[in-house]
Amino acid sequence: SSLQPPEPLRRRGAVEDQLPGRFSTMWTIALAVLMALLIVATVVGNALVMLAFVVDSSLRTQNNYFLLNLAISDFLVGAFCIPLYIPYVLIGRWTFGRGFCKFWLVVDYLLCTTSVFNIVLISYDRFLSVTRAVSYRAQQGDTKRALFKMVMVWLLAFLLYGPAIISWEYISGQSIIPDGECYAEFFYNWYFLITASTIEFFTPFISVLFFNLSIYLNIQKRTKVRFDVLHAPQSSRGTRPGGHGCKIFGGLNRDKKVAKSLAVIVGIFGLCWAPYTLLMIIRAACHGHCIPEFWYETSFWLLWVNSAINPILYPLCHYSFRRAFVKLLCPKKLKIQPHNSLQKCWKKVTCPRT
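Being a predicted model, the structure only gives us computed values, none of them experimental.

## A closer look at the overall build of the protein chain
1) Next: Within the protein chain one finds 12 helices and zero strands.
2) Next: A burial count over the protein chain gives 45% of its 354 residues as buried.
3) Next: Look at the contacts in the protein chain between residues 6 or more apart in sequence, and 79% of them connect residues 24 or more apart.
4) Next: Accessible area for the protein chain stands at about 18,000 Å²; split by element, carbon and sulfur atoms hold 68% of it.

Following this line, the structure appears as structure tokens:
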């Protein structure tokens, strides 16, 4: 019935009953529009992050290199993975051949896993910047160290799924993929999936949670110290209450914003990855009979949605990136409001008058 949402096809799995080759006209148009919007959001958002590095040399710090690495992987998701999946969904058949199917799967798994590992690396880097601030600042100019970490992220992400996708059918002696389908040979191998999922999601999620929770607790500790200083007798402070109080209030407000952003980062990461990971493991255990295809399909689309959200969650939380985006999109505004003027406006927002 055209009134009910059709069961979509799958990227990483198969259904036992053959689905229709096409959706109704209404659903074909609706799905095409939604997918096109997701592609535009993913490509444009991450392209802005990459262009920011070109136009603003001040962004080329160690932490921002990791943000660039994340933007590259997410950009390729929107520019390569999603566009090739659209005809598979709308036509109901993989038309690019088995060899290209393998290549697409390798790239898709590689990019999604790289995105996760980059998020862990960014969280770890922020953890070091807060808990080991002195040694961290001393390493900020070490570009080679940052580039080595970036390359290792891609290499480890490839090793997790790439060899299995390429060689599984040769090791097992046969292929289980029907003609016109495109999914990994190990899709129903529960033991492989639980191992890979532990490395790809559970361990990264716990790590990101630990790093960001540690940052939050560190912020809470420093906030308490600042409150103690603020409420100390004026004679013990030795400074004017107005300027000192302004600085402390400004720092507290910024810390609260950082704490909120950390909670959002962990929450979005878990929301986008947990449903797919859990459903994939359950689906493999029951060989696809216990999970409705609609919910499974929806869960892995969240992985791609995460690539569109990342440019908002990470770079846009940095003032330096926002300034670079203004330089790219509204250069006249930046000339009218130079860096010092923007800094003054920022301080007015974060530092209430005493």
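## Examining the pattern of salt bridges
1) Next: For the structure shown, the criterion picks out two salt bridges.
2) Next: Here D179 ties to R98 by a salt bridge, and the two come within 3.7 Å at their closest N and O atoms. Of this pair, D179 sits in the loop between helix 5 (143-172) and helix 6 (190-230) while R98 sits in helix 3 (residues 98-131), placing them 81 residues apart in sequence.
3) Next: Residue D179 is classed as exposed on the basis of its relative accessible area of 64%.
4) Next: By relative accessible area, R98 is classed as partly exposed at 37%.

## Looking at the nonpolar core
1) Next: Among the nonpolar cores identified, the biggest contains 90 residues, and W104, F186 and W304 are the most heavily contacted of them.
2) Next: Secondary-structure elements contributing two or more residues to this core are helix 1 (25-55), helix 2 (62-91), helix 3, helix 5, helix 6, helix 8 (241-285), helix 9 (293-313) and helix 10 (319-329).

## Considering the state of the cysteines
1) Next: Under the definition given, this model contains two disulfides.
2) Next: In this model, C101 is linked to C182 through a disulfide, with the two sulfur atoms separated by 2.0 Å. Its torsion about the S-S bond being 105°, the disulfide of C101 and C182 is classed as right-handed. A residue pair is termed long-range when its members are at least 10 positions apart, and C101 in helix 3 and C182 in the loop between helix 5 and helix 6 qualify at 81 residues. Taken as a pair, C101 and C182 share a single burial class, namely buried.
3) Next: Note on cysteine connectivity: C286 is disulfide-linked to C290, with sulfurs 1.8 Å apart. Here the disulfide of C286 and C290 is left-handed, its torsion about the S-S bond being about -80°.
4) Next: Among the cysteines around C81, which has no disulfide bond, C112 carries the closest sulfur, lying 6.3 Å off.
5) Next: We classify C112 as buried; its relative accessible area is 3%.

## What to know about the confidence of the model for the protein chain
1) Next: Per-residue pLDDT for the protein chain has a mean of 80; in total, 78% of the residues score no lower than 70.
2) Next: Confidence drops under a pLDDT of 50 for residues 1-21, and excluding neighbours within four residues, the segment shows 68 contacts in the predicted structure.

## Some details on the UniProt feature "transmembrane region" (unreviewed entry) in the protein chain
1) Next: Feature annotation in UniProt places "transmembrane region" (unreviewed entry) on residues 29-54, 66-91, 103-125, 146-168, 188-217, 262-282 and 294-317, given in this structure's numbering.
2) Next: Taken end to end, residues 103-125 is 100% helix and 0% strand, and its two terminal C-alpha atoms sit 32 Å from one another.
3) Next: The span residues 146-168 is 100% helix and 0% strand, and its two end C-alpha atoms sit 34 Å from each other.

## Some thoughts on the environment of I165
1) Next: For I165, the location among the structural elements is in helix 5.
2) Next: Sequence spacing of I165 and L105 is 60 residues, and the spatial spacing of their C-alpha atoms is 7.4 Å.
3) Next: Other than its neighbours up to four places away in sequence, I165 contacts K102, L105, V106, Y109 and F186.

## Observations concerning the packing of aromatic side chains
A ring pair, where both rings are aromatic, is described by two values, the distance of the centres and the angle of the planes.
1) Next: Counted under the stated rule, the structure contains 36 aromatic pairs.
2) Next: Between F53 and F321 the ring centres are 6.0 Å apart and the planes differ by 55°, which places this aromatic pair in the tilted class. Of this pair, F53 sits in helix 1 while F321 sits in helix 10, and the two are 268 residues apart along the sequence.
3) Next: The exposure class assigned to F321 is buried, which follows from its relative accessible area of 0%.
4) Next: Geometrically, the ring pair formed by Y183 and F187 is edge-to-face, given 6.2 Å between the ring centres and 70° between the ring planes.
5) Next: Using a relative accessible area of 1% as the deciding quantity, one classes F187 as buried.
6) Next: Cluster of aromatic residues (ring-pair linked, three or more members): F80, Y85, Y88, W94, F96, F100, F103, W104, W301 and W304.
7) Next: Its guanidinium or amino end placed over the ring of Y296, R283 lies 4.9 Å from that ring's centre, counting from NZ or CZ.

## Examining helix 1
1) Next: Counted at 1.5 Å a residue, the expected span for helix 1 with its 31 residues is 45 Å, and the 44 Å between its end C-alpha atoms agrees.
2) Next: When helix 1 is considered as a whole, its buried residues turn out to be L31, M35, L38, I39, T42, G45, N46, L48, V49, A52 and F53.

Rules used in this analysis
Residues numbered from 1 in each chain as written. Predicted model: local features only at pLDDT ≥ 70, side-chain atom pairs only at ≥ 80, totals over all residues. Heavy atoms only, no water. Helix = DSSP H or I, 4+ residues; strand = E, 2+ residues; numbered from the N terminus. Buried < 20%, exposed > 50% of the residue type's maximum accessible area, 1.4 Å probe, protein only. Contact = heavy atoms within 4.5 Å. Areas by Shrake-Rupley, 256 points an atom, 1.4 Å probe, with all protein chains shown as cover. Salt bridge = Lys/Arg side-chain N within 4 Å of Asp/Glu carboxyl O. Core = buried A, V, L, I, M, F, W, Y, C linked by side-chain atoms within 4.5 Å. Disulfide = S-S within 2.5 Å. pLDDT = per-residue confidence, 0-100. UniProt positions renumbered as here; feature names shortened; annotations may be inferred. Phe/Tyr/Trp six-rings, centres within 6.5 Å; stacked < 30°, edge-to-face > 60°. Lys NZ or Arg CZ within 6 Å of the ring centre and 35° of its normal. Expected span 1.5 Å × (residues − 1).

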